[in-house]
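# Descriptive structure summary
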Amino acid sequence: MTRIPIPGQPVRGSKSGAPIMALFDLLGRHWAMGILWTLCQNDPLTFRKLQEYCETISPAALNTRLKELQAAGLVQLAPGGYAATELGRELYEHLRPLGDFSKEWAKHFTE
């Protein structure tokens, strides 16, 4: 069984397991946010196509992250491949403003 961070239980960075810390623990895992982001912009995607979009991810890492994101209710296996769930898409909509902010923030390093 895949272990995922659970709100209310100790997680990386939080002994209390505050929900936000559990979410950050999950999304902070190597490639987790990138996989969710990619699926929200392109789903459904087969395993192989998702691996192509993620470029440098190994099959083992992709498999592990997909299992974790599925266990967390953010990704599902759908006709045509993997897709974000409704909950995964809701999270993506909350993350999009951070993506916009990151582009503005990046300008400070290119000026």
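Anyway, here's the lowdown on the structure attached to this text. Predicted model only: the values in this text are computed from it and were never measured.

The next point concerns the packing of helix α2 (residues 32–42) against helix α5 (residues 86–110). Relative orientation and spacing of two packed helices are given, respectively, by the angle between their axes and the distance between those axes. One can describe the packing of α2 onto α5 by two numbers: an axis separation of 10 Å at closest approach and a directional angle of 105°. Considering the angle they form, α2 stands roughly perpendicular to α5. Each of M33, L36, W37, L39, C40 and Q41 in α2 lies in contact with α5, whose residues at this interface are G88, R89, L91, Y92, L95, R96 and G99. The residue inventory of the contact of α2 with α5, partitioned by class, reads 8 nonpolar, 3 polar and 2 charged.

Moving on: the pattern of salt bridges. This model, assessed by the stated rule, comprises 7 salt bridges. The residue E52 makes a salt bridge to K49 at a minimum N-O spacing of 3.5 Å. Remark: K49 and E52 occur in helix α3 (residues 47–54); sequence separation between them is 3 residues, near one turn of the helix. When the shortest N-O distance is used, the salt bridge between K107 and E104 registers 3.0 Å. You can see K107 and its partner E104 sitting in helix α5, 3 residues apart, about one turn around the helix. Within this structure, R12, D25, R29, R65 and E68 form a network of salt bridges that share partners.

On to α3, then. Of the positions making up α3, those classed as buried are L50, Q51 and C54. Within α3, the buried residues cover an arc of 100° as seen down the axis, which keeps them to one side. Structurally, α3 contributes buried residues whose contacts are with α2 and α4 (59–71). Taken from the residues just after α3, E55 is the one with a positive phi, measuring 60°.

This structure, assessed with the given rule, holds 2 aromatic pairs. With a centroid separation of 5.1 Å and an interplanar angle of 80°, the aromatic rings of W105 and F109 are classed as edge-to-face. Of this pair, W105 and F109 both sit in helix α5, 4 residues apart, roughly one helical turn.

Now for the packing of α3 against α4. It is at 11 Å that the axes of α3 and α4 come closest, and there the two elements cross at 110°. Relative to α4, α3 is oriented roughly perpendicular. For the pair α3 and α4, the contacting residues are F47, L50 and Q51 in the first and P59, L62, N63 and L66 in the second. Looking at the contact of α3 with α4 residue by residue, the class counts come to 5 nonpolar, 2 polar and no charged.

Thresholds applied
- Residues numbered from 1 in each chain as written.
- Predicted model: local features only at pLDDT ≥ 70, side-chain atom pairs only at ≥ 80, totals over all residues.
- Heavy atoms only, no water.
- Axes fitted to C-alpha atoms, helices over the stretch in contact; angles between N-to-C directions.
- Helix = DSSP H or I, 4+ residues; strand = E, 2+ residues; numbered from the N terminus.
- Parallel < 35°, antiparallel > 145°, perpendicular 65-115°, else oblique.
- Contact = heavy atoms within 4.5 Å.
- Nonpolar A, V, L, I, M, F, W, Y, C, P; charged D, E, K, R; others polar.
- Salt bridge = Lys/Arg side-chain N within 4 Å of Asp/Glu carboxyl O.
- Buried < 20%, exposed > 50% of the residue type's maximum accessible area, 1.4 Å probe, protein only.
- Arc of directions from axis to C-beta.
- Phe/Tyr/Trp six-rings, centres within 6.5 Å; stacked < 30°, edge-to-face > 60°.

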